[in-house]
Amino acid sequence: MKYARFRDPAGAVRRGEYENGTVHFGTESYDLESDEIDVLPPTEPSKIVCIGRNYADHAAELDSEVPDRPLLFLKPPNALAAHGDTVTLPAGKERIDHEAELGVVIGEQCRHVAEADAMDVVEGFTCVDDLSNRDDQRQEQNWVRGKAFDGAAPIGPVLATPDEVPADASVQTRVNGELKQDGSREQLIFPIPELIAEITTYLTLEPGDVIATGTPEGVGPLSDGDTVEIEVDGVGTLEHSVRIP
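Residues numbered from 1 in each chain as written. Predicted model: local features only at pLDDT ≥ 70, side-chain atom pairs only at ≥ 80, totals over all residues. Heavy atoms only, no water.

Within an unreviewed UniProt entry, the label attached to the protein chain reads Fumarylacetoacetate hydrolase family protein, and the organism entered is Natrinema thermotolerans.

Dropping the structure here:
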């Protein structure tokens, strides 16, 4: 099953079942791509926990070592953007990259979760674009300027329950229709249960929190006016554009 969050014509925020391009809430049905509703991120996380260099080929393209434990960093709620949004990127930067990622949406408050029980706390999956300001990322250790700017985490368009997303789900990026990234969930160095166990060793995950599981090789810079599509097999396609002032 898939779910979408949206603002209906009366301005109320709703969550409806999504099927074949249509969102159903009560007796009403809406086309997800119509101007009748505003599509919202499918979850309201208190935080987005991101995983760095979780694909070996991506680590290689950055000329970096594969970490011996998950490399964690955070994106705050101000980084959220939705399907169909135009994200205004920081001005005056030489390189801001797209990064397609499978997002894990947490369904319950949890701490110290064992790997064997990790999937029990997962509500579903979504698409994430981990927009990355490389100029500042290279100059700081905590990556606030590089990763946490407004709109730096487009998420959506829907939340898909775990049964919808295959173990070998593809994770792709297209920029202006051209394929840039093409990886798979099964290429993750640290799989989802291990990530949940590691993260909850240190911090509490809340319902709606998102884990962005890492990006495959092929990251690249964006230009003013580009359209980005992040597609995860079993979820769908998150689309957004970018503006550089």
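### Concerning the side chain of Asp-136
For Asp-136, the position within the fold is in helix 2 (residues 134-137). A residue is classified by how much of its surface remains accessible, and Asp-136, at 15% relative accessible area, is buried. Apart from residues no more than four positions distant in its own chain, Asp-136 is found in contact with Lys-93, Arg-145 and Gly-146. (Helix = DSSP H or I, 4+ residues; strand = E, 2+ residues; numbered from the N terminus. Buried < 20%, exposed > 50% of the residue type's maximum accessible area, 1.4 Å probe, protein only. Contact = heavy atoms within 4.5 Å.)

### Structural notes on a negative patch on the surface
A surface patch of negative charge is lined by Glu-28, Asp-31, Glu-33, Glu-36 and Glu-239. Tracing the sequence through the fold places Glu-33 in the loop between strand 4 (28-31) and strand 5 (38-40). Taking relative accessible area as the criterion, Glu-33 reaches 54% and is therefore assigned exposed. (Patch = residues over 30% accessible without salt bridge, like charges linked within 9 Å, V, L, I, M, F, W, Y side chains within 5 Å. Areas by Shrake-Rupley, 256 points an atom, 1.4 Å probe, with all protein chains shown as cover. Salt bridge = Lys/Arg side-chain N within 4 Å of Asp/Glu carboxyl O. Lys, Arg positive; Asp, Glu negative; His and termini not counted. Charge placed at Lys NZ, Arg CZ, Asp CG, Glu CD.)

### Observations concerning the pairing of strand 6 (residues 48-52)
A regular strand places its side chains so that they alternate between the two faces of the sheet. Here strand 6 lies mainly inside the structure; 5 of its 5 residues are buried. Every second residue of strand 6 is oriented toward a common face, with Ile-48, Cys-50 and Gly-52 on one face and Val-49 and Ile-51 on the other, all of them buried. Pairing of strand 6 with strand 17 (residues 210-212), which is carried by 3 bridges, proceeds in the parallel orientation. Paired with Cys-50 across the two strands is Ala-212, which belongs to strand 17. (Pairing = 2+ DSSP bridges.)

### With respect to the sheet that holds strand 13 (residues 132-133)
If you walk across this open sheet you meet the 3 strands as 13-10-18, and the pairing is antiparallel. The outermost strands of the open sheet, each flanked by one partner alone, are strand 13 and strand 18 (220-221).

### Some points on unusual backbone geometry
Cis geometry is adopted by the peptide bond preceding Pro-157, which originates at Gly-156 and carries an omega value of 0°. For Pro-157, the position within the fold is in strand 14 (residues 153-160). In this model, Arg-53 sits at a positive phi of 50°, which is unusual for a non-glycine residue. Turning to its location among the elements, Arg-53 is positioned in the loop between strand 6 and helix 1 (56-61). The class for Arg-53 is partly exposed, based on a relative accessible area of 23%.

### Side note on the side chain of Gln-181
On the secondary structure map, Gln-181 appears in strand 16 (residues 178-184). Within polar-contact distance, the side chain of Gln-181 engages the backbone nitrogen of Ala-100 at 3.1 Å. In this structure the side chain of Gln-181 is engaged in a polar contact, spanning 2.7 Å, whose partner is the side chain of Thr-215. (Polar contact = N/O pair within 3.5 Å; in protein donor to acceptor, adjacent residues only side chain to side chain.)

### Topic: the pairing of strand 16
Both strand 15 (residues 170-175) and strand 16 contribute to a ladder of 6 bridges, which runs antiparallel. From the neighbouring strand, Val-175 faces strand 16, where its bridge partner is Glu-178.

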